[in-house]
Amino acid sequence: MKALIASVVASAVLLALPAAHAADNDLAALEKAARAEGQVNSVGMPDSWANWKDTWSDLNSKYGLKHSDTDMSSAQELAKFAAEKENASADIGDVGAAFGPIAVTKGVAQPYKPTHWDQIPSWAKDQDGNWMLAYTGTIAFLVDKQQVKDVPHSWADLKKGKYVVTIGDVGTAAQAANGVLAASYALGGDEKNVKPALSFFGDLAKEGRLGVTDPVIANIEKGEIQVAVVWDFNGLNYRDQIDKNRYEVVIPSDGSVTSGYSTIINKYAKHPNAAKLAREYILSDEGQINLAKGYARPIRAEHLTLPADVQAKLLPQSEYKNARPIKDQAAWDKTSKMLPRLWQENVIINMKQ
């Protein structure tokens, strides 16, 4: 009974200080409160994505936390938090970078700054601790070296090639839309101006070099794709699953975009301390290494020494020197809504029949 009362007291203290910096907190008290809650329920964090499997396994073996996940999109996660409110069935979710600020606007997030807060770049976190990226994705080229002998290392190289380039459905896929933005960065455009990229892909279409196949692993495996524009973590994963000697993953040297995924702790979470402990662990060295095992680039990559076998799964830091995060998210939100129409009018219209 004493242990139970102590856990309840610890839980109450932590709930009263939701935004407290973990470094100034008693992590032992957080652990105790999380153990008392006994479980953490997530959305959009399935075992197969970013190697969440190992993180959930660690949280269970180290802290006795049981876990369940319901996979869903970022928008669905926030809608679920807002709809269920005090009847919350989810404690924590993993959402695309653009959805962190949306969670704050909707009032469905609660803040918690983990111990390694200061090692998270300012662009990758909310100043109050409502959201922070745990890992990043950068637009890359996945090249089938059996079909492409002269591997492109830049958008300029891509333009000069003779092979087919596949980007996917720009109207519906975030990966494809970010591919357009990455090309814009390299070609002198920005979040407000994607005309350089539309012209670039329009020219590829005129040359019959723009692929219409979806750049997913099944199509890549069948040899239907020569060069795909994909997130680096997808490209690296596909490379290793199919044949790491046949495929090369390249970050375009003349410019790319870096985005990522953030944990959101549900404001109405039934197990808030377990959710905070989960975030704490995800941002720890061990949690970051778990993500890297799943090909996701840890947000704290430059502060980590990854095991050699894990490091081998990722690209060297030097590849990313001209990749940058989105500077004007509001402008990009506006442009991305117009992108399906712009793509149709400037690119698809030039496709050879």
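Residues numbered from 1 in each chain as written. Predicted model: local features only at pLDDT ≥ 70, side-chain atom pairs only at ≥ 80, totals over all residues. Heavy atoms only, no water.

Caption draft 1: A look at the overall build of the protein chain. Helix and strand counts for the protein chain come out as 14 helices and 11 strands. Projected onto its principal axes, the C-alpha coordinates of the protein chain cover approximately 75 × 40 × 30 Å. Residues counted as buried form 53% of the 353 residues belonging to the protein chain. Residue pairs at least 24 apart in sequence account for 75% of intrachain contacts in the protein chain once pairs closer than 6 positions are excluded. If you sum the accessible surface of the protein chain, you get close to 15,400 Å²; carbon and sulfur atoms cover 51% of it. Across the protein chain, the 39 positively charged side chains and the 42 negatively charged ones have centroids separated by 2 Å. (Helix = DSSP H or I, 4+ residues; strand = E, 2+ residues; numbered from the N terminus. Buried < 20%, exposed > 50% of the residue type's maximum accessible area, 1.4 Å probe, protein only. Contact = heavy atoms within 4.5 Å. Areas by Shrake-Rupley, 256 points an atom, 1.4 Å probe, with all protein chains shown as cover. Lys, Arg positive; Asp, Glu negative; His and termini not counted. Charge placed at Lys NZ, Arg CZ, Asp CG, Glu CD.)

Caption draft 2: Summary view of the side chain of serine 259. Secondary-structure assignment places serine 259 in strand β9 (residues 256–265). Sequence-distant contacts of serine 259, that is, excluding residues within four places in its chain, are made with Ala97, Leu133, Tyr135, Thr136, Gly137 and Trp231.

Caption draft 3: Structural view of unusual backbone geometry. Look at alanine 50: it is not a glycine, yet its phi comes out positive at around 55°. Tracing the chain through its elements places alanine 50 in the loop between β1 (39–43) and α3 (52–63). Taking relative accessible area as the criterion, alanine 50 reaches 8% and is therefore assigned buried. Positive phi values are uncommon outside glycine, yet lysine 85 reaches one of about 45°. Within the element layout of this structure, lysine 85 appears in the loop between α4 (74–84) and β3 (92–96). Residue class for lysine 85 comes out partly exposed when judged on its relative accessible area of 39%.

Caption draft 4: Just the pattern of salt bridges, in detail. Under the counting rule described, the total for this entry stands at 12 salt bridges. In this structure, aspartate 144 engages arginine 246 in a salt bridge whose closest nitrogen and oxygen atoms are separated by 2.8 Å. Placement of aspartate 144 in strand β4 (residues 132–144) and of arginine 246 in the loop between α10 (232–242) and β8 (247–250) is noted, with a sequence separation of 102 residues between them. (Salt bridge = Lys/Arg side-chain N within 4 Å of Asp/Glu carboxyl O.)

Caption draft 5: Highlighting helix α8 (residues 195–206). Along its 12 residues, α8 runs 16 Å from first to last C-alpha, staying within 8% of the 16 Å computed at 1.5 Å per residue. Taken together, the buried positions of α8 are Ala197, Leu198, Phe200, Phe201, Gly202, Leu204 and Ala205. Downstream of α8 by one or two residues, glycine 208 has phi in the positive range, about 75°. (Expected span 1.5 Å × (residues − 1).)

Caption draft 6: Representation of the nonpolar core. Counting residues in each nonpolar core, the largest one holds 103 residues, and the members touching the most others are Trp155, Ile167, Val180, Phe201, Leu210 and Trp343. Of all the elements, β4 adds the most residues to this core, at 9 residues. The two domains that each donate at least three residues to this core are domain 1 (37–136 + 259–312) and domain 2 (137–258 + 317–350). (Core = buried A, V, L, I, M, F, W, Y, C linked by side-chain atoms within 4.5 Å. Domains from an automatic or database assignment.)

Caption draft 7: Structural context of the packing of aromatic side chains. If you walk through the whole model with that rule in mind, you get 12 aromatic pairs. When the centroid spacing of 5.4 Å and the interplanar angle of 10° are considered together, the rings of tyrosine 135 and tyrosine 261 count as stacked. In this pair, tyrosine 135 sits in strand β4 while tyrosine 261 sits in strand β9, placing the two residues 126 residues apart along the sequence. Measuring from centroid to centroid gives 4.9 Å for phenylalanine 141 and tryptophan 155, while their planes differ by 90°, and the two rings are edge-to-face. Note that phenylalanine 141 is positioned in strand β4 and tryptophan 155 in helix α6 (residues 155–160), a separation of 14 residues in sequence. Both residues of the pair, phenylalanine 141 and tryptophan 155, belong to the buried class. Directly above the ring of tyrosine 185 sits arginine 324, whose terminal nitrogen or CZ lies 3.6 Å from the centroid. (Phe/Tyr/Trp six-rings, centres within 6.5 Å; stacked < 30°, edge-to-face > 60°. Lys NZ or Arg CZ within 6 Å of the ring centre and 35° of its normal.)

Caption draft 8: A look at the domain arrangement of the protein chain. Each domain of the protein chain was delimited in the assignment, giving domain 1 (37–136 + 259–312) and domain 2 (137–258 + 317–350). Taking only C-alpha atoms, the centre of domain 1 and the centre of domain 2 are 27 Å apart. Taken together, the contacts link 12 residues of domain 1 with 16 residues of domain 2. Carbon and sulfur atoms make up 58% of the surface buried where domain 1 meets domain 2, a total of about 1,200 Å² over both sides. If you sort the residues of domain 1 by the area they bury against domain 2, Ser259, Tyr295 and Arg297 come out on top, with a joint share of 55%. At the boundary of domain 1 with domain 2, the tally comes to 0 salt bridges. Our count for the contact surface shared by domain 1 and domain 2 stands at 3 residue pairs in polar contact (both at pLDDT 80 or more). Of all the elements in the fold, those that place two or more residues in the side of domain 1 that touches domain 2 are β4 and β9. Per element, the largest residue contribution to the side of domain 1 that touches domain 2 is 3 residues, and it comes from β9. (Buried area = accessible area lost by both parts, 1.4 Å probe. Polar contact = N/O pair within 3.5 Å; in protein donor to acceptor, adjacent residues only side chain to side chain.)

Caption draft 9: Representation of α3 within the structure. In this model, α3 (12 residues) spans 16 Å end to end at C-alpha, consistent with the 16 Å of a helix rising 1.5 Å per residue. Immediately beyond the C-terminal end of α3, within one or two residues, lies glycine 64, with a positive phi of roughly 70°.

Caption draft 10: Region of the structure containing the packing of helix α2 (residues 27–37) against helix α11 (residues 272–282). Interhelical geometry of α2 versus α11 gives an angle of 125° and a closest axis separation of 7 Å. The orientation of α2 relative to α11 falls into the category oblique. The handedness of the crossing between α2 and α11 is left-handed. Within the contact between the two elements, α2 uses Leu27, Leu30, Glu31, Ala33, Ala34 and Glu37 and α11 uses Pro272, Asn273, Ala274, Lys276, Leu277 and Glu280. (Axes fitted to C-alpha atoms, helices over the stretch in contact; angles between N-to-C directions. Parallel < 35°, antiparallel > 145°, perpendicular 65-115°, else oblique. Left-handed = near helix turned anticlockwise from the far one by under 90°.)

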